[in-house]
Amino acid sequence: MNKFKILALATAVILMFTVSVSASADVLSLYKNKETDNVPFKFEDKLPGDEETKDYCVRVSYNGTITVHFGVDNIRTNSATHPLTDVLWCEVSIDGKNIYKGYMRDIDKISHTITGVNRTQDLDYEVTVKLPTSVNNDYQAKELEADFVWWVEVDDDDDDGGSGG
């Protein structure tokens, strides 16, 4: 029965991620052979105390148990001596429940597991990025560009019949 679950997950899981940033929302689609996608994020011309909040609706269609991951990748900044990742405070929540509070530099992978049979579920992510008032003026006029990334891991090890064929 366990092999059946893995095979069903590998072949029947179709993921569609929709990210709503504005009226002309970016659309991200994930499926068996494309299990990751991203949205660009910019934080620029901010003063200590400024923050930016973005809402993303991630629509997941799945069968069984699946883990959706969120992370920050491809970080680019205009300062090597005072990189914003060292001081930017991030808060991430899904459906109103806070799942991460910490510095952007420490975000590796934030995971959320969901279970169901032939379900489609919207995961409402809210990502807030703040430049704390405690930072000095060295961080003014600094810029940061990065990718907010969502991905899933699908276990399809047995697609080729396993060892021995």
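Residues numbered from 1 in each chain as written. Predicted model: local features only at pLDDT ≥ 70, side-chain atom pairs only at ≥ 80, totals over all residues. Heavy atoms only, no water.

**Some thoughts on the packing of aromatic side chains**
Any pair of aromatic rings gets described here by the distance separating the centres and the angle formed by the planes.
Item 1. Taken as a whole, this structure holds nine aromatic pairs when the rule is applied.
Item 2. Measuring from ring centre to ring centre gives 6.5 Å for F41 and F43, while their planes differ by 25°; the resulting arrangement is stacked.
Item 3. An aromatic cluster is present here, built from F41, F43, Y56, F70, Y125, F148 and W150 joined pairwise through their rings.
Item 4. Across from the ring centre of F43, 5.6 Å away, lies the NZ or CZ of K46, which sits over that ring.
Item 5. Directly above the ring of Y103 sits R105, whose terminal nitrogen or CZ lies 4.6 Å from the centroid. (Phe/Tyr/Trp six-rings, centres within 6.5 Å; stacked < 30°, edge-to-face > 60°. Lys NZ or Arg CZ within 6 Å of the ring centre and 35° of its normal.)

**Let's talk about the pairing of strand β5 (residues 89–94)**
Item 1. As paired elements, β5 and strand β6 (residues 97–103) share six bridges and run antiparallel to each other. By the bridge assignment, S93 is partnered in β6 with N98.
Item 2. Joining the antiparallel neighbours β5 and β6 is a turn of two residues, in which D95 adopts a positive phi near 50°.
Item 3. Summarising the sheet, β5 and strand β7 (residues 110–130) pair through six bridges and their orientation is antiparallel. Each bridged residue has a counterpart across the sheet, and for C90 the counterpart in β7 is V129. (Pairing = 2+ DSSP bridges. Helix = DSSP H or I, 4+ residues; strand = E, 2+ residues; numbered from the N terminus.)

**Description of the pattern of salt bridges**
Item 1. Considering all chains together, one arrives at six salt bridges under this definition.
Item 2. Residue R76 is joined to E145 by a salt bridge in which the shortest nitrogen-to-oxygen separation is 3.6 Å. Remark: E145 occurs in strand β8 (residues 143–152) and R76 occurs in strand β4 (residues 51–77); sequence separation between them is 69 residues.
Item 3. Owing to a relative accessible area of 39%, R76 belongs among the partly exposed residues under this scheme.
Item 4. What makes E145 partly exposed here is its relative accessible area of 30%.
Item 5. A salt bridge links R105 to D106, with the shortest nitrogen-to-oxygen separation between them at 3.6 Å.
Item 6. Connected through salt bridges with shared partners, the residues K42, R76 and E145 form a single ionic network. (Salt bridge = Lys/Arg side-chain N within 4 Å of Asp/Glu carboxyl O. Buried < 20%, exposed > 50% of the residue type's maximum accessible area, 1.4 Å probe, protein only.)

**Observations regarding the confidence of the model for the protein chain**
Item 1. For the protein chain, per-residue confidence averages 75 on the pLDDT scale, and 71% of positions sit at 70 or higher.
Item 2. Per-residue pLDDT stays below 50 along residues 1–26; that stretch engages in 66 contacts with residues further than four places along the chain or on separate chains.
Item 3. For the stretch residues 157–165, pLDDT sits under 50, and the model shows five contacts to residues farther than four places along the chain or on other chains. (pLDDT = per-residue confidence, 0-100. Contact = heavy atoms within 4.5 Å.)

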